[in-house]
Amino acid sequence: MITTLPRERCAEAVALWHAAGLTRPWNDPDADLGRALDGPSSTVLAATAGERLVGTVMVGHDGHRGWLYYLAVAEEHRRRGVGRALVAAAERWLGARVPKVQLMVRDDNAAAVAFYERLGYARQDTTVLGRRLDTEGGVERVAPRTPDVSDGPPLTSTGAPRGPRRPRRGGR
Ligand SMILES: CC(C)(COP(=O)(O)OP(=O)(O)OC[C@H]1O[C@@H](n2cnc3c(N)ncnc32)[C@H](O)[C@@H]1OP(=O)(O)O)[C@@H](O)C(=O)NCCC(=O)NCCS
């Protein structure tokens, strides 16, 4: 059965993500999960078998296309169609809201690419670029606030425009 993840099962979902190798030290899966459940354009879907949480997928959209994150199936439930069913449910959720879906797969996860190709997904002729917004060398935190249209480039203490910041670490 696939439903929205009940909040009381968040710890189980994060444990599943750890076990499935989806977490990285520079990401906070609890915070990711909270934001996805709280936001109006995202959610986390959960597959259960009896009482057991056996799979998850996070879905969200930006108004143009949808994204999939944290697709995970418990190891002993793999190769039984749970992953396919989760992606189908994610596509239904997103398809009611936006016309396209995509996802990122880490370069060392050939199995996930093979899985998604079985489901009809294809590599896109696109380069994904990214940077962090929350830290700079672990020193400066950018306080969350509503951007203003008058925002210009950040200035140094002398008033000169600041050059591009060096990304701290990889991480998606
Ligand atoms: C990827 C994952 C979600 C697949 O879940 P699953 O429940 O085993 O997948 P399904 O049983 O629904 O498989 C669907 C199809 O993909 C194929 N498939 C599944 N895993 C595959 C693999 N490792 N290599 C090749 N094909 C695979 C299945 O054979 C099936 O094909 P078919 O229906 O045409 O026979 C699961 O292996 C997993 O949790 N992996 C660890 C986490 C991860 O890497 N997530 C993706 C992050 S981008």
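The rules behind the values
- Residues numbered from 1 in each chain as written.
- Predicted model: local features only at pLDDT ≥ 70, side-chain atom pairs only at ≥ 80, totals over all residues.
- Helix = DSSP H or I, 4+ residues; strand = E, 2+ residues; numbered from the N terminus.
- Buried ≥ 20, exposed ≤ 12 C-beta atoms within 10 Å, placed from the backbone.
- Contact = placed C-beta atoms within 7 Å.
- Near = placed C-beta within 6 Å.
- Nonpolar A, V, L, I, M, F, W, Y, C, P; charged D, E, K, R; others polar.
- pLDDT = per-residue confidence, 0-100.
- Core = buried A, V, L, I, M, F, W, Y, C linked by C-beta atoms within 7 Å.
- Pairing = 2+ DSSP bridges.
- Axes fitted to C-alpha atoms, helices over the stretch in contact; angles between N-to-C directions.

Turning our attention to the overall build of the chain. Within the chain, the regular secondary structure consists of four helices and five strands. The linear arrangement of helices and strands in the chain, starting from the amino end, is β-α-α-β-β-β-α-β-α. Every one of the 172 residues in the chain was classed for burial, and the buried ones make up 17%. Contacts in the chain between residues far apart in sequence, at least 24 positions, make up 54% of those at least 6 positions apart.

Further remarks concern the site of the ligand. Around the ligand, 19 residues are found, and the nearest of them are R78, G83, R84, A111 and A114. Every element with two or more residues in the shell around the ligand is listed here: strand 4 (66–73), helix 3 (82–95) and helix 4 (110–118). It is helix 4 that provides the largest number of residues to the shell around the ligand, a total of five residues. Tallied by class, the residues present in the shell around the ligand amount to 11 nonpolar, three polar and five charged.

With 78% of its residues at a pLDDT of 70 or more, the chain shows a mean pLDDT of 87. Taken as a whole, residues 155–171 scores under 50 in pLDDT and shows 18 contacts with residues more than four places along the chain or in a different chain.

What follows concerns the nonpolar core. Ranked by internal contacts, the top residues of the largest apolar core, which has 24 residues, are L45, V57, V59 and A90. Broken down by secondary-structure element, the contributors of at least two residues to this core are helix 1 (10–19), strand 2 (42–49), strand 3 (52–61), strand 4 and helix 3. Not counting chain neighbours up to four residues away, the residues in contact with V59 comprise S42, T43, L45, G66, L68, A90, W93 and L94.

Let's shift gears to the pairing of strand 3. Residues in a regular strand project their side chains so that they alternate between the two faces of the sheet. A large share of strand 3 lies buried, amounting to seven of its 10 residues. Between strand 2 and strand 3, which pair antiparallel and follow one another directly, the connecting turn spans two residues, one of which, G50, has a positive phi of 65°. Judged from the six bridges that link them, strand 3 and strand 4 form a sheet pairing that is antiparallel. Note on strand 4: the bridge partner recorded for V59 is L68. Hairpin geometry of strand 3 and strand 4 is characterised by an intervening segment of four residues between the two adjacent antiparallel strands and by a positive phi of about 95° at G63.

Pairing is mixed in the open sheet, where five strands are placed in the order 1-2-3-4-5. In this open sheet, the two edge strands, each paired with only one partner strand, are strand 1 (2–4) and strand 5 (101–103). Across the sheet, the mean angle separating the axes of adjacent strands is 30° when strand polarity is ignored. Summarising the sheet, strand 4 and strand 5 pair through three bridges and their orientation is parallel. Counterpart to L68 in the pairing with strand 5 is L103. Contacts between helix 3 and the sheet are confined to strand 1, strand 2, strand 3, strand 4 and strand 5, with strand 3 contributing the most and set at about 30° to the helix.

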